[in-house]
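Examining the three-dimensional arrangement
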Amino acid sequence: MDIVLFGPPGAGKGTQAAAVCAAANVPHVATGDIFRKNLKEGTALGQLARGYMDRGELVPDQLVCDLVADRLSQADALGGALLDGFPRTVVQAELLERWLTAHGRRIDVVLNLVVPDEVLVRRLSGRRTCRACGASYHVDHNPPRTAGVCDACGAAEVVQRDDDREETVLARLQTYHRETAAVLPWLRARVAVTDVDGTLPIGVVQDLVHSALG
Ligand code: ADP
Ligand code: ADP
Ligand code: ZN
């Protein structure tokens, strides 16, 4: 099953991803996580992505799409994947659809986390992220059990992402409205999209997401 977890930056996609993956038995494919891993490892891809990420802009479509096609071809993703943070433009959505169709697959489910901008700003400013595994925390709403240490993987690498500073947060929200919001009507025209109120508590959102998977 191929699932798209959609929503603006800070909507809770990363927070919900593990439970969705467990329920659907598919791997988590988060384009942002892949870029950050490459940045950390100093690869050419990481170098290329850095400027866009620092400015709160999108990495060019072709680059992202090649990366995703590659990832979806790996053995663990042959039965489907959870796409988190992709597609982010209509061009990406079209390329994804074309790739899936060519491989006898399709977008089976779209979960859309709905959260207003003012809530997103507070969430992103208070977000802390594990540099080792990508797990997402919040200083008030969802702190790790031990400060700075990841509950999921144990690494003492829970820090603020560079692009979660306030200036970049605002740029990212603008990018979302300018380029990504248009993906939603594109998806609605093709797939049943389940809207989930992402402002509810994390556990409640998880239950709603779970029931949407059937
Ligand atoms: P995304 O992956 O969509 O960018 P995250 O899952 O990283 O978003 O969540 C953004 C921030 O909001 C994190 O700090 C996270 O802990 C917090 N958060 C996520 N879901 C909720 C929720 N339902 N209620 C309150 N805070 C939340
Ligand atoms: P968030 O969900 O908090 O916005 P992500 O981790 O999904 O953050 O993405 C971080 C950054 O990585 C984005 O601001 C963008 O620069 C880049 N990025 C991630 N996914 C994509 C994508 N599908 N297309 C273009 N750029 C992307
Ligand atoms: Zn971790």
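Cut-offs applied
Residues numbered from 1 in each chain as written. Chains lettered and ligands numbered in written order. Predicted model: local features only at pLDDT ≥ 70, side-chain atom pairs only at ≥ 80, totals over all residues. Heavy atoms only, no water. Salt bridge = Lys/Arg side-chain N within 4 Å of Asp/Glu carboxyl O. Buried < 20%, exposed > 50% of the residue type's maximum accessible area, 1.4 Å probe, protein only. Axes fitted to C-alpha atoms, helices over the stretch in contact; angles between N-to-C directions. Helix = DSSP H or I, 4+ residues; strand = E, 2+ residues; numbered from the N terminus. Parallel < 35°, antiparallel > 145°, perpendicular 65-115°, else oblique. Left-handed = near helix turned anticlockwise from the far one by under 90°. Contact = heavy atoms within 4.5 Å. Near = heavy atom within 4 Å. Polar contact = N/O pair within 3.5 Å; in protein donor to acceptor, adjacent residues only side chain to side chain. Nonpolar A, V, L, I, M, F, W, Y, C, P; charged D, E, K, R; others polar.

1. Points about the pattern of salt bridges
A full pass over the atoms with the stated rule returns 17 salt bridges. Of the charged contacts in the structure, one is a salt bridge between Glu57 and Arg55, with a shortest N-O distance of 3.1 Å. On the basis of relative accessibility, which here comes to 36%, the residue Glu57 falls in the partly exposed class. Overlapping salt bridges, with partners in common, bring together Arg127, Arg161, Asp163, Asp164 and Arg172 in one network.

2. A few points about the packing of helix 4 (residues 61-72) against helix 5 (residues 90-102)
In contact at an axis separation of 10 Å, helix 4 and helix 5 are set at 30° when each is read in the N-to-C sense. Regarding the angle of helix 4 to helix 5, the classification is roughly parallel. Seen along the crossing, helix 4 lies across helix 5 with a hand that is right-handed. On helix 5, the residues that touch Asp61, Gln62, Val64, Cys65, Ala69 and Leu72 of helix 4 are Val91, Gln92, Leu95, Leu96, Trp99 and Leu100.

3. Overview of the site of ligand 2
Taken together, 19 residues lie near ligand 2, and Thr31, Glu57, Arg88, Arg127 and Arg172 sit nearest. Within the contact set of ligand 2, an oxygen atom lies 3.2 Å away from a side-chain nitrogen or oxygen of Arg161. Here an oxygen atom of ligand 2 sits 2.6 Å away from a polar atom, N or O, in the side chain of Arg172. Per-element tally for the shell around ligand 2: the top contributor is helix 2 (residues 31-41), with 4 residues. Its residues assigned to classes, the shell around ligand 2 comprises 7 nonpolar, 4 polar and 8 charged.

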